[in-house]
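Chain residues, written in single-letter form:
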Amino acid sequence: MEFVSDPSVADKIRKMKQRVRWQESPLIERGIDQTRLVLNEEISDNPEFSFFVIGDSGLSSHRRHHPQRKLAETMLPNSNNCRFILHTGDLVYQVGSSEYYQRNFIKPYREFLVGGEEHHRIAYDQMVFKLPFLTVPGNHDYYDLPFVYGLLAQITWPLRHLIRSQIDLNVGWHGSEQGKAYAKAFLDYLSRFKIPGQLEQHLDSHYTAKTDTGRCLSYEPGRFTRLPNRYYTFRSGGIDFFALDSNTFNEPAPIPATPEGEAFRRLLEQRREQLNQQKMHLMETSAGLNANNPEEAEQLDDLNTKLEQIEEITVDIDKQLASDEQTVIDFEQLDWLRQRLIDSWHTEEVRGRVIYLHHPPYVTEATKWNQAQTLAIRRRLRQVFDAVSEELGSLRGERPIADVVFSGHAHCMEYLYTVDTGHADSHMHWIVCGGSGHSLRRQKSEGPELMESYGFAQNGPSRLVAKSQLFVGRSGHGSKKRRPYSFLRVDVEGGQLPKFQVRTFIAERYQRKWINRDIEPFII
């Protein structure tokens, strides 16, 4: 039995549409664009501004230390002139449960919340932010918990005692309920309006901003801080930002019904069985460790990291084994992105474009670089960018489709640059910000160059498609192990062609002590 379950793409799309009452008549009648918001700030048109980027943060503690809280404390004195915070997903581990929002999100970020001085009184579905908190859902924000695990976790003995394990699985009774907790925490959850006239009154109160695509939601820090949808766009300082839900277009390509395909399927099944055996071994090893011993507590952190890696790889294998010609792809969202990018390029006052999503199209982190989901995201975005490039023709000149793409999912901070990929994602900047609180990962042993294979099962000839310019992740071994948790501050310069100065802030855990440092900023 798997520890977590990932809802189908069709269920994710259907449930999220129901929650925001997607394109129901009261919204259509008012000409409301449910994929757009306006930041209600007097200075939103100033072309020089800053913003934070964080991701994969939602774990409460690592035994005796708290990386997420440490980074939040570092963000506070560096938040001057910061206009908003982008979050690249996985806000609450392990399964996005509403039970864990208080411990894993509200408490660590309490200074950013209205009423945060009494954070224990804030309900997860009543949060109001002082600084705009602009999120996208991660895979863990959609995950669910099989009933038997929730039951075992809550009966007389804790789950770790029942399975003779000291590993903290960070779960309660249930999971995310197919992303419901995320939706109630961050989205404008319109399905809550049941009484006639309530919805209409709400729309007339909060969907007051006027744009070239119609009326839309007005985001008001300190008062009303909801997002219109799981994917959306907004404009700040002449920069268009596109927030994507990559959980609905990350399905791997089907395994062909050929001898080669069947052999690959058998290899995946064998690998899956090996991973299950490794999982049991980790559980048994943890039973002999004492969480009250500082050294052994850090060993338990490492075991927990390995267990989560196994879960992630297993989920990826399951997606490959389950993929077929009937696999659902969220083409509605991808078509929306294509058209909005085209519109952005044809809007004179727009001087740049930023995309952010959870799953990285390019990354060299050891567990993600060659996952089927990574390759699927890359393939889908390429199709969009190729279509945009064809439509724009010579309009964009030598500029990339987007100035920078931020993502998370890989537990590290990394800056990559694509070379000539043969597609419109060539010569682009890609930044992974997924090291803001959860267990960190290493770079792949093959090094910073990213090769792309051709042919089924990635065993054909390959060529270079990207190079890692900077990687901040776990390194060293034993007492020399370093855990550099990170977030980004991005300073946007004025001018017709914007420049982005990216500064990496690091809170490093080394030999059971914290060291604060930052890296020399780089400009893209």
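Below, the structure is looked at part by part. (Residues numbered from 1 in each chain as written. Predicted model: local features only at pLDDT ≥ 70, side-chain atom pairs only at ≥ 80, totals over all residues. Heavy atoms only, no water.)

**Some remarks on the sheet that holds strand β4 (residues 133-135)**
Part 1: Strand order across the open sheet formed by six strands is β4-β3-β2-β15-β16-β17, with mixed pairing between neighbours. Sheet topology places β4 and β17 (513-523) at the edges, where each strand pairs with a single neighbour. Taking each pair of neighbouring strands and ignoring which way they run, the sheet shows an average axis angle of 25°.
Part 2: Examined bridge by bridge, strand β2 (residues 49-54) and strand β3 (residues 82-87) share five bridges and lie parallel to one another. Each bridged residue has a counterpart across the sheet, and for S50 the counterpart in β3 is C82.
Part 3: Here helix α3 (residues 67-75) sits on the sheet and contacts β2, β3, β15 (482-492), β16 (500-510) and β17; the angle it forms with β15, its principal contact strand, is near 30°. (Pairing = 2+ DSSP bridges. Helix = DSSP H or I, 4+ residues; strand = E, 2+ residues; numbered from the N terminus. Axes fitted to C-alpha atoms, helices over the stretch in contact; angles between N-to-C directions. Contact = heavy atoms within 4.5 Å.)

**So, the environment of R103**
Part 1: Looking at the element boundaries, R103 is found in helix α4 (residues 101-106).
Part 2: C-alpha separation for the pair R103 and W369, spaced 266 residues apart in sequence, amounts to 31 Å.

**Focus on the packing of aromatic side chains**
Part 1: If you walk through the whole model with that rule in mind, you get 27 aromatic pairs.
Part 2: Judged by centre distance (5.5 Å) and plane angle (90°), the ring pair of F52 and F487 falls under edge-to-face. On the criterion of sequence distance, the pair formed by F52 in strand β2 and F487 in strand β15 is long-range, its members being 435 residues apart. When sorted by exposure, F52 lands in the same class as F487, which is buried.
Part 3: Feature note: the residues Y101, F105, Y109, Y124, F129, F133, Y182 and F186 constitute an aromatic cluster, connected by ring pairs.
Part 4: For K184, the ring lying beneath its charged end belongs to Y189, and the centroid distance is 5.7 Å.
Part 5: Taking NZ or CZ as reference, K444 lies 5.0 Å from the ring centre of W369, over its face. (Phe/Tyr/Trp six-rings, centres within 6.5 Å; stacked < 30°, edge-to-face > 60°. Buried < 20%, exposed > 50% of the residue type's maximum accessible area, 1.4 Å probe, protein only. Lys NZ or Arg CZ within 6 Å of the ring centre and 35° of its normal.)

**A closer look at the pattern of salt bridges**
Part 1: The final tally for this structure, using the stated rule, is 32 salt bridges.
Part 2: A salt bridge links E452 to R378; the nearest nitrogen and oxygen atoms lie 2.8 Å apart. Remark: R378 occurs in helix α12 (residues 372-392) and E452 occurs in strand β13 (residues 449-453); sequence separation between them is 74 residues. Exposure class is identical for E452 and R378. Each is buried.
Part 3: Classification of E452 as buried rests on a relative accessible area of 10%.
Part 4: What emerges from the salt-bridge pattern is a single network uniting D6, K12, E251 and K319. (Salt bridge = Lys/Arg side-chain N within 4 Å of Asp/Glu carboxyl O.)

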